[in-house]
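Remarks on the overall topology
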Amino acid sequence: MSEPVIYDLSAPGKGVVTPPASPLPPLDVQAAFGSYAETDERARPHLPQVSEVEIMRHYTHLSAMNFGVDSGAYPLGSCTMKYNPRINEDACRLPGFAELHPAQPPTSAQGALRLMYELQTDLATASGFAATSLQPAAGAHGEYTALMVFRAALAARGEAKTRTVVLIPDTAHGTNPASVTMAGFTSKTIPSTEEGLVDVQALKAALGPDVAAFMLTNPNTVGIFDPQILEMTAAVHEAGAYAYCDGANFNAILGVVRPGDLGFDALHINLHKTFSTPHGGGGPGAGPICVTEELADFLPGPVVERVLAEGNTAAAGYRFVNPPRSIGRVRSWYGNFGVMVRAWVYIRALGAAGLRKVGQQAVLSANYLRVLLEGVFEVAYNRICMHEFVLSGAPFAKAYGVHTLDIAKRLLDFGFHPPTIYFPLIVEEAMMFEPTETEPLASLDALASALLSIAQEAETNPELLHSAPHSTPVRRLDEAGAARDPQLRWTNTTEVA
Amino acid sequence: MDYTAISPAERAAMLARVGLDRVDDLFVDVPPEALLAEPLPIEGNWSEIDLSAAMDALAQQNTSARDYVCFAGGGIYDHYRPAFIDHVLRRSEFFTAYTPYQPEVSQGTLQAIWEYQTGISELTGLPVANASMYDGATALVEAAFMALRVRRRRRRVLASATLGEEKLATLRTYGAAGQMELEIIAADRHLTDADALVDALAATEGGESDIAAVLLPYPNYCGIIEDVKPLIDAAHAVGALAVLDTTPILLGLLKRPGNLGADVAVGEGQPLGNAMSFGGPGLGYFACSEQCLRQMPGRLVGRTVDVDGQVGYVLTLATREQHIRREKATSNICSNHALNALTAGLYLAGVGTEGLRGIAADCCAKARYLRDGLLATDLFTEYPGLEQLPFGYEFALKYAGPATVGQLRARLFDQGWLAGIELPDDVDGAGLLLAVTERRTVAEIDDFISAVVAQSEVISHV
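What counts as what
Residues numbered from 1 in each chain as written. Chains lettered and ligands numbered in written order. Predicted model: local features only at pLDDT ≥ 70, side-chain atom pairs only at ≥ 80, totals over all residues. Helix = DSSP H or I, 4+ residues; strand = E, 2+ residues; numbered from the N terminus. Buried ≥ 20, exposed ≤ 12 C-beta atoms within 10 Å, placed from the backbone. Contact = placed C-beta atoms within 7 Å. Domains from an automatic or database assignment. Nonpolar A, V, L, I, M, F, W, Y, C, P; charged D, E, K, R; others polar. pLDDT = per-residue confidence, 0-100. Core = buried A, V, L, I, M, F, W, Y, C linked by C-beta atoms within 7 Å. Pairing = 2+ DSSP bridges. Axes fitted to C-alpha atoms, helices over the stretch in contact; angles between N-to-C directions. Right-handed = clockwise from strand over helix to strand, strands pointing away. Parallel < 35°, antiparallel > 145°, perpendicular 65-115°, else oblique. Left-handed = near helix turned anticlockwise from the far one by under 90°.

1. A few points about the overall build of chain B
Helices and strands together make up the secondary structure of chain B, namely 14 helices and 17 strands. Classification of the 462 residues of chain B by burial places 61% in the buried group. Pairs at least 24 apart in sequence give 73% of the contacts found in chain B among residues at least 6 apart.

2. Section: the overall build of chain A
The secondary structure content of chain A amounts to 17 helices and 13 strands. Each principal axis of the C-alpha distribution contributes one length, and for chain A these read about 75 × 75 × 45 Å. Within chain A, the proportion of its 497 residues that are buried is 60%. Summarising the internal contacts of chain A: among those between residues at least 6 apart in sequence, 72% fall at separations of at least 24.

3. Description of the domain arrangement of chain A
Accessible area lost on assembly of the parts is the figure often given for the size of an interface. Residue and element names in this part refer to chain A. The domain boundaries assigned to chain A delineate domain 1 (6–64), domain 2 (88–348) and domain 3 (357–481). Just the C-alpha atoms count here: the centres of domain 2 and domain 3 sit 31 Å apart. Opposite the 18 residues of domain 2 that make contact, domain 3 presents 18 residues. Looking at the side of domain 2 that touches domain 3 residue by residue, the classes come out as 8 nonpolar, 8 polar and 2 charged.

4. What about the interface of chain A and chain B?
Of the residues lining the interface, 173 residues belong to chain A; the matching set on chain B comes to 165 residues. Looking at the side of chain A that touches chain B, the element that brings in the most residues is helix α11 (residues 337–373) of chain A, giving 23 residues. A class-by-class count of the residues in the side of chain A that touches chain B yields 100 nonpolar, 50 polar and 23 charged.

5. Some thoughts on the environment of A:Asp210
Residues and elements named next belong to chain A. As for its placement among the helices and strands, Asp 210 is situated in the loop between α8 (200–206) and β4 (211–217). For Asp 210, a count of 15 C-beta atoms within 10 Å puts it in the partly exposed group. A C-alpha to C-alpha distance of 38 Å links Asp 210 and Met 81, two positions 129 residues apart in sequence. When residues no more than four places from it in sequence are discounted, the contact partners of Asp 210 are Thr 162, Arg 163, Thr 164 and Val 165.

6. A short note on the domain arrangement of chain B
All names here are of chain B. Domain parsing of chain B yields domain 1 (83–347) and domain 2 (353–460). Of the residues lining the interface, 13 residues belong to domain 1; the matching set on domain 2 comes to 19 residues. Within the side of domain 1 that touches domain 2, the residues separate by chemical class into 8 nonpolar, 4 polar and 1 charged.

7. Quick look at the environment of A:Gln360
Within the fold, A:Gln360 resides in helix α11. Spatially, the C-alpha atom of A:Gln360 lies 9.1 Å from that of A:Met386, the residues being 26 residues apart in sequence. Sequence-distant contacts of A:Gln360, defined by excluding residues within four places in its chain, comprise A:Val256 and B:Val23.

8. Details of the confidence of the model for chain B
Of all residues in chain B, 99% have pLDDT values of 70 or greater, and the mean over the chain is 96. The complex model carries a pTM of 0.98, and its ipTM stands at 0.98.

9. Description of the nonpolar core
In terms of nonpolar packing, the biggest core is built from 328 residues, with A:Val149, B:Ala144 and B:Val243 touching the most fellow members. Those residues in contact with A:Val149 that sit more than four places away from it in its chain are A:Ala266, A:Val291, A:Leu295, A:Phe298, A:Leu299 and A:Ile327.

10. Some words on the sheet that holds strand β16 (residues 421–426) of chain B
Residue and element names in this part refer to chain B. In spatial order, the strands read β13-β14-β17-β16; together these 4 strands make up an open sheet with antiparallel pairing. A strand with exactly one partner marks an edge of an open sheet, and here the two such strands are β13 (380–381) and β16. Sheet contacts for helix α12 (residues 338–376): β13, β14 (394–399) and β17 (429–435); angle to β14, the most-contacted strand, approximately 5°.

11. As for unusual backbone geometry
Going from A:Gly283 to A:Pro284, the amide bond is cis rather than trans, its omega being 10°. Locating A:Pro284 in the fold gives a position in the loop between β6 (266–268) and β7 (289–291). Here the residue pair B:Gly280 and B:Pro281 is connected by a cis peptide bond, since its omega of 0° sits within 30 degrees of zero. Summarising the element assignment, B:Pro281 is placed in the loop between β9 (264–268) and β10 (284–288). The phi dihedral of A:Ser276 is positive, around 70°, even though this residue is not glycine. Assignment of secondary structure puts A:Ser276 in the loop between β6 and β7. Overall, A:Ser276 belongs to the buried group, with 25 C-beta atoms counted inside 10 Å. Residues other than glycine seldom take positive phi values, yet B:Ser132 does so here, at roughly 120°. As for its position among the elements, B:Ser132 is in the loop between β2 (128–129) and α6 (136–150). A count of 31 C-beta atoms within 10 Å places B:Ser132 in the buried class.

12. Some words on the pairing of strand β2 (residues 165–169) of chain A
Residue and element names in this part refer to chain A. In terms of burial, β2 is largely enclosed, as 5 of its 5 residues are buried. Neither face of β2 is left uncovered, since the one carrying Val 165, Leu 167 and Pro 169 and the one carrying Val 166 and Ile 168 both have all their residues buried. With 5 bridges connecting them, β2 and strand β3 (residues 186–190) associate as parallel partners. In the sheet register, Pro 169 faces β3, and the bridge partner there is Ile 190. Between β2 and its parallel partner β3, the chain crosses via helix α7 (residues 175–182), and the hand of that crossover is right-handed.

13. Observations concerning the packing of α12(B) against helix α14 (residues 442–460) of chain B
Residues and elements named next belong to chain B. Packing of α12 against α14 leaves a shortest axis separation of 10 Å and a crossing angle of 25°. In terms of orientation, α12 lies roughly parallel with respect to α14. The handedness of the crossing between α12 and α14 is right-handed. Each of Lys 366, Tyr 369, Leu 370, Gly 373 and Leu 374 in α12 lies in contact with α14, whose residues at this interface are Val 442, Ile 445, Ile 449 and Val 452. Residue composition of the contact of α12 with α14, grouped by class: 7 nonpolar, 1 polar and 1 charged.

14. With respect to the packing of helix α5 (residues 107–124) of chain B against α12(B)
Residue and element names in this part refer to chain B. For the pair α5 and α12, the least separation of the axes is 9 Å and the interaxial angle reads 60°. With respect to their mutual orientation, α5 and α12 come out oblique. Where α5 crosses over α12, the handedness of that crossing is left-handed. Here α5 contributes Thr 109, Ala 112, Ile 113, Glu 115, Tyr 116 and Gly 119 to the contact with α12, which in turn contributes Ala 338, Ala 341, Leu 342, Ala 344, Gly 345 and Leu 348. Each residue belonging to the contact of α5 with α12 can be placed in one class, and the counts come to 8 nonpolar, 3 polar and 1 charged.

15. Things to note about the sheet that holds strand β13 (residues 430–433) of chain A
All names here are of chain A. Overall, antiparallel pairing links the 4 strands, which are arranged β10-β11-β13-β12 in an open sheet. The sheet is open, and its two borders are formed by β10 (378–379) and β12 (420–421), each paired with just one other strand. For β12 and β13, the ladder comprises 2 bridges, and the chain directions are antiparallel. The partner of Thr 420 across the bridge, within β13, is Met 432.

16. Details of the pairing of strand β4 (residues 181–185) of chain B
Residue and element names in this part refer to chain B. Bridge count for strand β3 (residues 156–160) against β4 is 5 bridges, and the pairing is parallel. Note that in β4 the partner of Ala 159 across the bridge is Ile 184. Crossover handedness for the path β3 to helix α7 (residues 165–175) to β4: right-handed.

17. Here we look at the environment of B:Arg371
In this fold, B:Arg371 is placed in helix α12. Look past the residues within four positions of B:Arg371 in its chain and what remains in contact with it is B:Phe395 and B:Leu397.

In structure tokens, the structure reads:
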């Protein structure tokens, strides 16, 4: 049964929140705003007038129609759906963090600045870079910010006008080319080899005086760490361009190898992937970028700096500064501070050894799941993988007319969230699995067992898959109809009629 | 400690199943010379007891708005957040999910966002709203870029300087990429220079205008509700889109952007039930007219039916987005601020039509009480040109007392008052930008005015 829209529960005179009683005379709206006062009641915003119990029941019902990491395995590839520790949630709600106004004197928020400084430092340490900006609000925002840093550095060299092209492998996330466009560059695609690696000859052929940067996700989106990495970054630098690491898959190599040691010039880190902050149903995340010494002066501001006491190495305090040749602001205030708090707690919980274990276990779990499925499913580029791997549903499509979408939907009936599907684009009928290090062994076994059952059903009862899911709050939805006739908000249909 | 869920014995069994002897064998593709030889110098491995104590200690090094009395705004306001909001936000089915790619198991997120879209559409008086942007500043940038797509052959965007420095700085950064020729119309003493703006709109060399959009504040950085209607009309006269940057709570009282003829309304949505959180995460709300629909940035949720005819919700019009359209996408945004949008939806449901008006009116009445009280001390004067102009619950006054504004503000903070935001010393002199929310009591305002007088007196004797 579907849940009513909250607007349909509304009735005049109900409501939760009223302003406190005030001894002041009520505001004369007309006198206050003149011709900008809305005097026509019908022209005012109409919001639901509902009681608190109705709100709580409504949202409780809605939550019951959602699947999160706490509901079960959520092996959504390239999204790193790991467990979100609860102490992080408590920490960011402490009044000393949640109730800070950004315009209060930085001297009165030294705990917050210290936390930001330590996070800057720890992220740079973990990734092998010299400096960090915590400003970007998400991974794509980080990509854009780093590209603007490259643009400014190229301008300082007098090459911003000539270097206009950014090279991207065909396995890249869609945000890469979209960020390239937003940063005013043109993207050019580099093909992959049959092994799922960058075609280095094609990359070298494309590198020239017009190239500003090369963006690479490593490990890449088919779950392989590209062993040609040092050769590629060297070639990029020889051509006078910058090498960018999309850190969406940083979880695989955490504590094992650092992008900064692989020749990259910049990297974004998704705190909501690698550093366990919750995905929130689609954000808020945070996408800090880490860069080399050469690029540090161009970072967006403000960044936090440690102030040393005179003749002393101990910190006397922390302050905000703008890097000397900063690209400027990329958003308001200091970044998604509430997300930073959670990431800081996570890092302190794990420490160096715990962080290394994350990368190791994430990779082991992915390989374990891959091995359980190989043979029955076609593994694209079947070899030791990193934190994720890609299956191709193409053989099922050919043999039984069962597509990747059908397999994904059937998986819902078994109580699992499906993998990322139809990505990367270079694998036909792709299913991309990333179990993460926090998935228990029994859960990995159950997921594999469900997939193997589904593979059998594909042969014996394909209709069961075509019509899946069967056990979810709603079944397959008419997405084409939604796009053809967009209904993007509630309307009071009875009133219209 | 760590959050993995595999025992050492299980780990060994998994390795064996994969056919490897050692975990290190999993990383054969990494160039050996790049492998970390030493543990990273990162502090940690703390117990939860240690963590809890450390977080308490770090939080206590900050003075929060529960310690001081907050009269600061600038986009982030100390509004009351109804208690039920956090109880909903703590439901992990919401916060541990991701983008609702699988709608059959994401109806909670999808319907909540669809209701949020409805709320923003209602607030702004515009027919469509997206699922949220990062913040008010990036929402404004996205509005400018959208205008360039809607008015395809045009490249210029005019922005009033009274949007405030933070938003202008963000626009400049994005403008540096070259797609948009950003022209900032200098302020005429804290107000949009309407004559300069109209001249800039009129100055078209032969043929069609090359201005895609005009970006205007409603209210402006100093809290003034400028006379934007003639400027919206002037923008339309040359075929440019009119974009209003708004403060959400005030839209309960003011004429809505859509009713004024604006094509796009954006703003910082933190006031809608989100914690101040040192300035982030809040959210950027984004609403526009039907003509912009196919050029909108970000996610959109639509209503549809399933195979059994049951109502349900899906992400829709995705062919605008980066995962489909790649370099031709309307924006690079992927993760937005869904949980903050859920919060805003909860807040709007909690306050309702009448509550929103009541809260807005209460803030505005208290702001007037504070402003009158400060003017009565003779320590403050009105900024020339701003007398008698309408404002919301934030206002600017010029400080005419015996100290610098910085000195006064610092002394007041030591006494437990966050005396707004310092306005730089320009031709009209330095001042304070003060905001008053419904959380402030009349007694607090009275005490604040006394403190301002007392501290000015102390300073004059130093």
